[in-house]
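Coordinates in review
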Amino acid sequence: MTRLSFIYILSFILLCSLQGPRTFKVQKSPQFIQEKRELMRKKFEDPGRAELLLSYVSGDYKRLPKETKEAHKILGLNHLFTPSGIHLSALFILFLPILYLLKNKYRPAHLAFGTVLFLIPMFVLPTSFSAAKRISLLRLVSLWKTILPWDFPFFYVFLFTFILDFLLGGFQKSPGSFVYSFLFLGILFSANQIPKMFLPFALLGGQIIVSFFQQTPLTPLGFLLGFFLTAAFTPFFPIYFGYFWTCSFFPASWGEYSVKIYLDLVLLAAKLAEKTGYYYANLPLILLIIVLSLRLSRQVKVLLIALFFSLQSQPLLNAKTVQDLKKESIMLYGPACKKSRSKS
């Protein structure tokens, strides 16, 4: 078993354990978020861009335009609406020059500064920002690893961090966030056993597993474009974050212009991705992904791929979305069908 197959299998098992009826409580946005919304909507020429900046920083995307939501969904960028490790890592980049300088000049100061820097989010951020706190914990463990006399792969640092986070209640507080972080960070930390050119395909395997449980369609081109747009989000987020907290003192131009650039890229990529069609992940496809992540000869893998396509019974591309199926059922059976389902 490879590290990648271990991540796939354990993530699949954990996601299976989360299935079942769940109740979600809709939380009202804090007052200061509402105040920021009203202020930016007045300053921005397009209020939809103000809503997008607000959603990236605070996670409040209730009033986001439908077109923008759909574009992010097609590209698998919905995770940008939840403040997480990506957002926190983008902010940590601003402090990397200081950490690098201290590491080369004065190691104790490097250790002290890094410890304080990575502890702040763990105590300041609310419980709902569990993914961001997890990234802080991971960076803190990675920092203290440097003083140990043993040299071991960062994959074990990753495993230790998640075991520690589990013991601290991270899984119980936000099980979905825990599993998704474990899945995608685990894929990245398995990269030393994966040729770099195959890393996007390994991440696609993780996205297929998530799509299977969320029952959302994927687009082949959409994932690849979303992969690059996620990377492009990193230099933009410090601008969004800075403007969010200083919008009372500055005009909208630099904040809105940066949002427009990224949003135009997202909308263009979504239109291109839609042309490649949709497909739904199924259990045979997930089993194929897990098997291909094992240590097998190239001939065996080619045989398994051929066997999968020969046994595949449903269309891989141009699959109908859940919304399409609902519309068809209403057209065939009328509104009464919808009412009867709601009663049952």
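Calculation notes
Residues numbered from 1 in each chain as written. Predicted model: local features only at pLDDT ≥ 70, side-chain atom pairs only at ≥ 80, totals over all residues. Heavy atoms only, no water. Helix = DSSP H or I, 4+ residues; strand = E, 2+ residues; numbered from the N terminus. Buried < 20%, exposed > 50% of the residue type's maximum accessible area, 1.4 Å probe, protein only. Contact = heavy atoms within 4.5 Å. Areas by Shrake-Rupley, 256 points an atom, 1.4 Å probe, with all protein chains shown as cover. Expected span 1.5 Å × (residues − 1). Patch = residues over 30% accessible without salt bridge, like charges linked within 9 Å, V, L, I, M, F, W, Y side chains within 5 Å. Salt bridge = Lys/Arg side-chain N within 4 Å of Asp/Glu carboxyl O. Core = buried A, V, L, I, M, F, W, Y, C linked by side-chain atoms within 4.5 Å. Polar contact = N/O pair within 3.5 Å; in protein donor to acceptor, adjacent residues only side chain to side chain. Axes fitted to C-alpha atoms, helices over the stretch in contact; angles between N-to-C directions. Parallel < 35°, antiparallel > 145°, perpendicular 65-115°, else oblique. Left-handed = near helix turned anticlockwise from the far one by under 90°. Phe/Tyr/Trp six-rings, centres within 6.5 Å; stacked < 30°, edge-to-face > 60°. Lys NZ or Arg CZ within 6 Å of the ring centre and 35° of its normal.

**Things to note about the overall build of the protein chain**
When its secondary structure is counted, the protein chain shows 18 helices and zero strands. Scored against the burial criterion, the 344 residues of the protein chain give a buried share of 44%. Taking all contacts inside the protein chain whose residues are at least 6 apart in sequence as the whole, residues at least 24 apart take part in 68%. With the model as given, the accessible surface of the protein chain reaches about 19,800 Å², and the carbon-plus-sulfur share is 68%.

**So, helix α13 (residues 220-246)**
With 27 residues, α13 should cover 39 Å at 1.5 Å per step; its first-to-last C-alpha distance of 39 Å lies within 8% of that length. Here α13 has its buried residues at G222, F223, G226, L229, T230, F233, F236, F237, P238, Y240, Y243 and F244. Looking at the buried side of α13, the elements it contacts are α2 (31-43), α3 (47-58), α4 (66-74), α5 (85-92), α12 (199-214) and α14 (253-274).

**Overview of a nonpolar patch on the surface**
Where nonpolar side chains cluster on the molecular surface, the patch consists of V116, I120, F123 and V124 and spans about 440 Å² of accessible area. In this structure, V124 sits in helix α7 (residues 107-124). Accessibility expressed as a relative area gives 60% for V124, which makes it exposed.

**Brief notes about the nonpolar core**
Core analysis: the biggest nonpolar cluster contains 51 residues, and Y8, F158, I187 and I208 have the highest contact counts within it. Those elements that place two or more of their residues in this core are α1 (3-17), α5, α7, α8 (130-145), α9 (154-167), α11 (175-189), α12 and α15 (283-292). Excluding residues that lie within four positions of it along the chain, Y8 makes contacts with L183, I187, F201, A202, G205, G206, I209, I289, I290 and S293. Judged by nonpolar contacts, the second largest core, of 36 residues, contains M40, L64, A252 and L267.

**Some words on α9**
If you check α9, its first and last C-alpha atoms are 20 Å apart, about what 14 residues at 1.5 Å a residue would give, namely 20 Å. Of all the positions in α9, only F155, V157, F158, L159, T161, F162 and D165 are classed as buried. Where α9 is buried, its residues contact α1, α8, α10 (170-173) and α11. Just downstream of α9, G169 is the residue with a positive phi angle, here 95 degrees.

**Side note on the environment of K36**
Inspection of the secondary structure puts K36 in helix α2. C-alpha of K36 to C-alpha of T246: the two residues are 210 residues apart in sequence and 9.9 Å apart in space. With sequence-adjacent residues up to four places away left out, K36 is seen in contact with L54, F244, W245, C247 and S248. Looking at K36, its side chain comes within polar contact range of the main-chain oxygen of F244, at 3.1 Å.

**Describing the environment of Y243**
Along the chain, Y243 falls in helix α13. In sequence terms Y243 and G255 are 12 residues apart; their C-alpha atoms lie 5.8 Å from each other.

**Quick look at the pattern of salt bridges**
On inspection of all chains with the given rule, the structure shows 10 salt bridges. Across the salt bridge formed by D46 and R49, the nearest N and O atoms sit 3.7 Å from each other. Taken together, the shared-partner salt bridges connect R37, E38, R41, E51, D60, K62 and R63 into one network.

**Brief notes about the packing of α12 against α15**
When two helices pack together, their arrangement is given by the angle between the helix axes and the distance between those axes. Interhelical geometry of α12 versus α15 gives an angle of 150 degrees and a closest axis separation of 10 Å. Classed by the angle they form, the pair α12 and α15 counts as roughly antiparallel. Remark: the crossing between α12 and α15 carries left-handed chirality. Of the residues in α15, those touching α12 at G205, I208, I209 and F212 are L283, L285, I286 and I289.

**A few points about the packing of aromatic side chains**
Tallied over the entire structure, the rule returns 30 aromatic pairs. When the centroid spacing of 5.3 Å and the interplanar angle of 70 degrees are considered together, the rings of F162 and F178 count as edge-to-face. With F162 in helix α9 and F178 in helix α11, this residue pair connects regions lying 16 residues apart in the sequence. We classify F162 as buried; its relative accessible area is 3%. F178 gets classed as buried once you look at its relative accessible area, which sits at 6%. A ring pair is formed by F171 and F178, whose centres lie 5.5 Å apart and whose planes are at 85 degrees; its orientation type is edge-to-face. A relative accessible area of 17% places F171 in the buried class. In this arrangement the basic side chain of K36 is found over the ring face of F244, its NZ or CZ atom lying 5.6 Å from the centre. Positioned above the aromatic ring of F154 is the side chain of K145, whose terminal nitrogen or guanidinium carbon lies 4.8 Å from the ring centre.

**A look at the side chain of T115**
Looking at the element boundaries, T115 is found in helix α7. Taking the relative accessible area as the measure of exposure, T115 reaches 15% and is therefore buried. Within polar-contact distance, the side chain of T115 engages the backbone oxygen of L111 at 2.6 Å. Within the local environment of T115, its side chain forms a polar contact with the side chain of W144, the two groups lying 3.2 Å apart.

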